[in-house]
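Residues per chain, in single letters:
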Amino acid sequence: MEKLIQYRTKESLYDGPFNGKVGWHAAGMGYIIVTENGKLIVIDGGCPNDTEDFLALLEENAGGKKPTVELWIITHPHGDHDGVLNTIANDPDLLSRVEIKEIVYRFPNEFCDKNGNFVNIQSNENMQNVLFLTGAKGHMPELDEKISVDGMEIHFLYHAYDCKLINGIANCNVCSLIFTVQAKNKKIMFTGDAYMRNMQVVAWLYKGKLKCNILQMPHHALCDTGLIEFYKEVNADIVLEPTCIAGDRAMHSELYCNTEYARANAWAELNAKAVHKTFEGTVEFEL
């Protein structure tokens, strides 16, 4: 049976202060897709402290065998997304429990953050070390590239192909991959921590072709990104929010709810038949 698993990260249980200076980072993100024949695809994973639980979840879904991850997709190089993979790669005991065949990522070296730092250079150096330690093949997807795993089609809609358009906007969130996964009966839209600019490009390039059953909300459903035109194109029945308790509360408070992004995110929630937030627990969906 094909299925998608949204993992409940430890950071998603954060319930402390939340504003522009504190708590904003708390969330993490990790998804596992199981194909019809039991092959595993991972999207991100979570923070370093999620490693044991996430690895156990992979083992639980490996049919009693050592889990083999066909594709491990990293949307962008932030610790609450690539922390699990980095931790596994650097711990021989953990690494002995899983085989990783291929890691998909694209961190453009020419991206410059709002502070003028070329942050992805170090991230690419780290990824080369991860590839060496795991023995996995590395792959940087091209625009519009499609990869098939056991009948599932992963379609890469966006990577930061022209950094002149996004340099100085923010951090490497803006370099997030955007892609869909087409299973037998359902289609999923993954956005990682994408910014509005990323979604504008995708909505323009693929207008009329973005309808999906499931949408992973960008940047933990926080109010610094979101695009109603993109959400209307996707028109998802199920919305997944890799967010924390405090962040979810704040985004629906008077402090943030009147921003353009928050109104867009609210539309996506209200339009959906079901909204699943990571702090509510790990959840599975038949595909």
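Parameters at a glance
Residues numbered from 1 in each chain as written. Predicted model: local features only at pLDDT ≥ 70, side-chain atom pairs only at ≥ 80, totals over all residues. Heavy atoms only, no water. Buried < 20%, exposed > 50% of the residue type's maximum accessible area, 1.4 Å probe, protein only. Helix = DSSP H or I, 4+ residues; strand = E, 2+ residues; numbered from the N terminus. Pairing = 2+ DSSP bridges. Axes fitted to C-alpha atoms, helices over the stretch in contact; angles between N-to-C directions. Parallel < 35°, antiparallel > 145°, perpendicular 65-115°, else oblique. Contact = heavy atoms within 4.5 Å. Nonpolar A, V, L, I, M, F, W, Y, C, P; charged D, E, K, R; others polar. Core = buried A, V, L, I, M, F, W, Y, C linked by side-chain atoms within 4.5 Å. Patch = residues over 30% accessible without salt bridge, like charges linked within 9 Å, V, L, I, M, F, W, Y side chains within 5 Å. Areas by Shrake-Rupley, 256 points an atom, 1.4 Å probe, with all protein chains shown as cover. Salt bridge = Lys/Arg side-chain N within 4 Å of Asp/Glu carboxyl O. Disulfide = S-S within 2.5 Å.

**Here we look at the pairing of strand β2 (residues 30–34)**
Point 1. The element β2 is extensively covered by neighbouring structure, given that 5 of its 5 residues are classed as buried.
Point 2. The two faces of β2 match: G30, I32 and V34 on one face and Y31 and I33 on the other face are all buried.
Point 3. With 4 bridges connecting them, strand β1 (residues 3–6) and β2 associate as antiparallel partners. Bridge pairing links K3 to V34 in β2.
Point 4. Here 5 bridges tie β2 to strand β3 (residues 40–44), and the two strands are oriented antiparallel to one another.

**Comments concerning the packing of helix α1 (residues 51–60) against helix α2 (residues 79–89)**
When two helices pack together, you describe them by how their axes are tilted relative to each other and by the distance separating the axes.
Point 1. Put simply, α1 and α2 touch, their axes get as near as 9 Å, and they point 85° apart. One element, α1, and the other, α2, form an angle in the roughly perpendicular class. Of the residues in α2, those in contact with T51, F54 and L55 of α1 are G83, V84, T87 and I88.
Point 2. Partitioning the contact of α1 with α2 into residue classes produces 4 nonpolar, 3 polar and no charged.

**With respect to the nonpolar core**
Within soluble globular proteins, side chains that are nonpolar generally end up buried alongside one another.
Point 1. Residues M189 and F230 are the most contacted members of the largest nonpolar core, which totals 32 residues.
Point 2. By size, the runner-up hydrophobic cluster in this structure holds 28 residues, among which are L55, L57, I100 and F107.

**Some thoughts on helix α5 (residues 196–205)**
Point 1. Here α5 has its buried residues at N198, M199, V201, V202 and A203.
Point 2. Structurally, α5 contributes buried residues whose contacts are with β9 (152–158), β10 (178–182) and α6 (228–234).

**Some remarks on a nonpolar patch on the surface**
Point 1. A surface patch of nonpolar side chains, amounting to about 250 Å² of accessible area, comprises L143, Y161 and L165.
Point 2. Along the chain, L165 turns up in the loop between β9 and β10.

**What about the sheet that holds β10?**
Point 1. Reading across the sheet, the 7 strands line up as β8-β9-β10-β11-β12-β13-β14 and stay open at both edges, with mixed pairing between neighbours. This sheet does not close on itself; its edge strands, each paired only once, are β8 (146–149) and β14 (274–277). For this sheet, the mean inter-axis angle between neighbouring strands, taken without regard to orientation, is 20°.
Point 2. Bridge analysis of β10 against strand β11 (residues 187–190) gives 4 bridges, and the strand direction is antiparallel. Following the sheet pairing, Q182 is matched in β11 by K187.

**Digging into the state of the cysteines**
Point 1. Scanning the model with the defined rule gives 0 disulfides in all.
Point 2. Here C172 is not disulfide-linked; the sulfur of C175 is the nearest cysteine sulfur, at 6.2 Å.
Point 3. The cysteine C244 is free of any disulfide, with C47 supplying the nearest cysteine sulfur at 11 Å.
Point 4. Judged by relative accessible area, which is 0%, C244 ranks as buried.

**Observations concerning the environment of N117**
Point 1. With respect to the helices and strands, the residue N117 is situated in the loop between β6 (102–104) and α4 (120–134).
Point 2. Sequence spacing of N117 and G168 is 51 residues, and the spatial spacing of their C-alpha atoms is 9.1 Å.
Point 3. The contacts of N117, once residues within four sequence positions are left out, are F111 and C112.

**Some thoughts on unusual backbone geometry**
In terms of backbone geometry, most residues other than glycine have negative phi values and most peptide bonds are trans.
Point 1. Its identity is not glycine, yet A221 carries a phi of approximately 60°, on the positive side.
Point 2. Within the secondary structure, A221 sits in the loop between β12 (214–216) and α6.

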